[in-house]
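Residue-level structure breakdown
Residues per chain, in single letters:
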Amino acid sequence: MKTMSASLKKRFGSLYWQQFFLTAGMVLLTMLLLGVSFFALSYNYTVSEKRDEMNERAKLMASVSVPFLEAADSGQSDDQEENLMSMARVASMVSNVNFLIGDANGNILLTTDEQFVNKTITLPADVTQQIVSEGCYEGRTRLGSMYQLKQYVVGVPAVDSQSGELVGIILAVMENRSLMQMWRSFIGLFFMTSAIILLIAFVVSSLTSMRQIQPIREMVQATRAYGSGEFDVRMQDSDRTDEIGELAASFNAMADSLQETERQRRDFIANISHELKTPLSVLSAAAELLGDNLAPEKQAHYLDVIQTQAQRMDGSVRKMLELSRLETGVQALRREEFPLAALAQER
C-alpha cells in the first residue's frame, strides 16, 4: 500500500501534473460559478417567460369568456358553452395549460382539466379575493385540496368591457413539473456546452503544461550528463523569448563555461605531467649512474644534477600550491612593480 502511494505521489507530484491540476481546477471553479449563475438566471427567465405567456392566455380567455359568463349569470349559457369549450381546449393544447373558467364567486363553470369535468368546484376564498381586489393572482398552490401537487397558477378577472363589471374569474393552471422540464432543457444544453469547453480547456492546459515542463526535463537530463563528465549537451529552447528561453540560454552559457574549465583542467594536468616527468626521468637516470663505480668528479656532477632537478620539482609544486591558494582565495594576490629588463636578462 505504501509502495503504491509513493508511486502515485511520485507520478502525480511532478510540475506537469501540478500545473495541469491547477489550470483544470481554475477552469472547473469558473464553470461551477458560471453554472450556478446560469441555473438561477435561466430558471428565473423560464418562469418569467411562462408566467407572461400564461397571463396573456388567461386574459385572452377572459375576453372571450365574458359573453358566456354573462349568459351563465342569467341562466342562458347553453348556446355559448360549446363554442367557448372548443376554444379553451385548442388554447390548452397549444400552450400546455389548463383553464378554469368560473363566476365572480369562484364557482368553476367550465374547465379543460379532465379530472374536474362534471364536478362542482369552488376556488379558495383567498385566491378569489386576491383576483377581485388586485386584479391578478400568481403563484404555486394546490388551490386548497383540488390538486395533490402544487401547480403554477395565474388568475385574472373577466370584466365586461362596456360596464366594467366583474362577471367571472379565469385561471391558467400548469403543472410545476412541466415548467421544470422546460428549465431542464436549458440545463441540458448548458451541460453539453460546458463539457465541450472543459474538454478543450483540458487539452489546451495539457499541451501548455507539457511545453513548459519539457525544457525543465531536458535540463535535468543535461545536469545528469554534466555530472558524468559530458559537457556537449545543450538546450534546444534558447531561441524562445520568454523566461524559459532566458533560462535555456543561461544554461548553455554555463555548459560552455564548464566545458572550457574542463579543457583547461586537462591541459593543466598534461602540462604539469610533462613538467614533472622530465625531472623524474633525469633523477632516475642520475640515480642509476651513481650506482656505478664513477670517479669522484663524476659523482659530484650527478649529485648536482639530482639536486637541481629536485629543486626544479620543488619549484613546480610550490607554484601549483600558490595557484591553488590564489584560486580559492586563501592567499591574496600582491601587485608589485619590477623591471622587465632584469627579468629578461635572468631568462
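Refer to the preceding data block for the structure.
Residues numbered from 1 in each chain as written. Predicted model: local features only at pLDDT ≥ 70, side-chain atom pairs only at ≥ 80, totals over all residues. Heavy atoms only, no water.

1. Section: the pattern of salt bridges
As a reminder, the rule being used: For this document, the term salt bridge refers to a Lys or Arg side-chain nitrogen within 4 Å of an Asp or Glu carboxyl oxygen. Per the convention used, a helix needs a DSSP run of H or I reaching at least four residues, while a strand needs a run of E reaching at least two, with both numbered from the N terminus. Burial here depends on accessible area, computed with a 1.4 Å probe over protein chains only, as a share of the maximum for the residue type. Under 20% is buried, over 50% is exposed, and the range in between is partly exposed.
Under the counting rule described, the total for this entry stands at five salt bridges. One salt bridge connects Lys50 with Glu53, and the closest N-O pair in it is separated by 3.3 Å. Here the residue Lys50 and the residue Glu53 both occupy positions in helix H2 (residues 15-73), the gap between them amounting to three residues, near one helical turn. According to the relative accessible area criterion, Lys50 is buried, its value standing at 6%.

2. Re the sheet that holds strand S1 (residues 98-103)
What counts, and what does not: DSSP bridges decide pairing: two strands pair if at least two such bridges lie between them. Axis lines are fitted to C-alpha atoms, over the contacting stretch for helices. Their N-to-C directions set the angle, which ranges from 0 to 180 degrees. Residue contacts are defined here by distance: any two heavy atoms, one from each residue, within 4.5 Å place the two residues in contact.
Spatially, the five strands line up as an open sheet ordered S2-S1-S5-S4-S3, and their pairing is antiparallel. Whereas interior strands pair on both sides, the edge strands pair on one side only; in this sheet they are strand S2 (108-111) and strand S3 (137-141). Strand-to-strand twist in this sheet, taken as the mean axis angle between neighbours without regard to direction, amounts to 25°. Across six bridges, S1 lies against strand S5 (residues 166-175) in antiparallel orientation. Opposite Ile101, over in S5, you have Ile170 as the bridge partner. Where helix H4 (residues 125-134) meets the sheet, it contacts S3, strand S4 (151-159) and S5, and its direction lies at approximately 120° from that of S5.

3. A few points about H4
Cut-off, in case you're wondering: To be clear, the arc concerns the directions from the helix axis to the C-beta atoms.
Residues Val127, Thr128 and Ile131 constitute the buried set of H4. Buried residues of H4, seen end-on, are gathered within an arc of 100° and therefore sit on one face of the element. When the buried face of H4 is taken as reference, the exposed residues oriented beyond 90 degrees from it are Ala125, Asp126, Gln129, Ser133 and Glu134. Where H4 is buried, its residues contact S3, S4 and S5. Remark: Gly135 follows H4 within two positions and exhibits a positive phi of approximately 80°.

4. Quick look at the packing of aromatic side chains
Going by this rule: To pair, rings of Phe, Tyr and Trp, with the six-membered ring standing in for Trp, must have centres within 6.5 Å; the planes then decide the type, stacked if under 30 degrees apart, edge-to-face if over 60, and tilted in the middle.
Counted by the stated rule, this structure contains one aromatic pair. Geometrically, the ring pair formed by Phe116 and Tyr147 is edge-to-face, given 5.2 Å between the ring centres and 80° between the ring planes. Taken as a pair, Phe116 in the loop between S2 and H4 and Tyr147 in the loop between S3 and S4 lie far apart in primary sequence, 31 residues in all. As far as the burial class goes, Phe116 and Tyr147 line up, both buried.

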